[in-house]
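These are the residues of each chain, in order.
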Amino acid sequence: MAWGITVLDNDSHSLLWEERKGDVVQCGIDYRQTPEDFARNKNWSVVNIAPVRIESKAWIGFGTVILKGVTVGEGAAIGAASVVTRDVPAYTLVAGNPARVIRSLLPGEKG
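Residues numbered from 1 in each chain as written. Predicted model: local features only at pLDDT ≥ 70, side-chain atom pairs only at ≥ 80, totals over all residues. Heavy atoms only, no water.

In this structure, strand β8 (residues 92–95) lies alongside strand β9 (residues 100–104), joined through four bridges in antiparallel fashion. What sits directly across from threonine 92, in β9, is serine 104. Turn length for the β8-β9 hairpin, with the two strands adjacent in sequence and antiparallel, is four residues, and the turn residue glycine 96 shows positive phi of about 110 degrees. (Pairing = 2+ DSSP bridges. Helix = DSSP H or I, 4+ residues; strand = E, 2+ residues; numbered from the N terminus.)

Set out below in structure tokens:
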């Protein structure tokens, strides 16, 4: 993994205004009380959350963003500054925003 990678297992906020309108104010209150836990009173029940899985031998380029629910398959490679919104198959090169399959990395296969 190169530096500057961001891996997000959640949307951070609800997409609905009524559900997120108090987030910034509440985080500010929490930060003033306990800076190391500034989201402790955030209502996470309205935020979409899904785990990210990065399998062995994967290579992730500088500045890549991997979003919630994505699995990066074994031996996969992600080009620098890509935004990964979908699963990356094993031994596959992806790149771009959003990341798209460039080619297979398996010997003898062309992509």
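A few words on the packing of aromatic side chains. Scanning all chains against the criterion turns up one aromatic pair. Looking at lysine 42, its charged tip hangs above the ring of tryptophan 44, at a distance of 5.1 Å from the centre. (Phe/Tyr/Trp six-rings, centres within 6.5 Å; stacked < 30°, edge-to-face > 60°. Lys NZ or Arg CZ within 6 Å of the ring centre and 35° of its normal.)

Where strand β6 (residues 77–78) and β8 come together, two bridges link them in parallel fashion. In the sheet register, alanine 77 faces β8, and the bridge partner there is leucine 93.

Take unusual backbone geometry next. Cis geometry is adopted by the peptide bond preceding proline 98, which originates at asparagine 97 and carries an omega value of 0 degrees. Within the secondary structure, proline 98 is located in the loop between β8 and β9. A positive phi angle is found at alanine 81, which is not glycine, with a value near 60 degrees. Mapped onto the elements of the fold, alanine 81 is located in the loop between β6 and β7 (83–84). Positive phi, normally seen in glycine, also occurs at tyrosine 91, with a value near 50 degrees. Assignment of secondary structure puts tyrosine 91 in the loop between β7 and β8. On the basis of relative accessible area, tyrosine 91 is assigned to the partly exposed category, the value being 26%. (Buried < 20%, exposed > 50% of the residue type's maximum accessible area, 1.4 Å probe, protein only.)

Pairing is mixed across the open sheet formed by four strands, whose spatial order is β3-β6-β8-β9. Two strands lie at the open edges of the sheet, namely β3 (59–60) and β9, each paired on one side alone.

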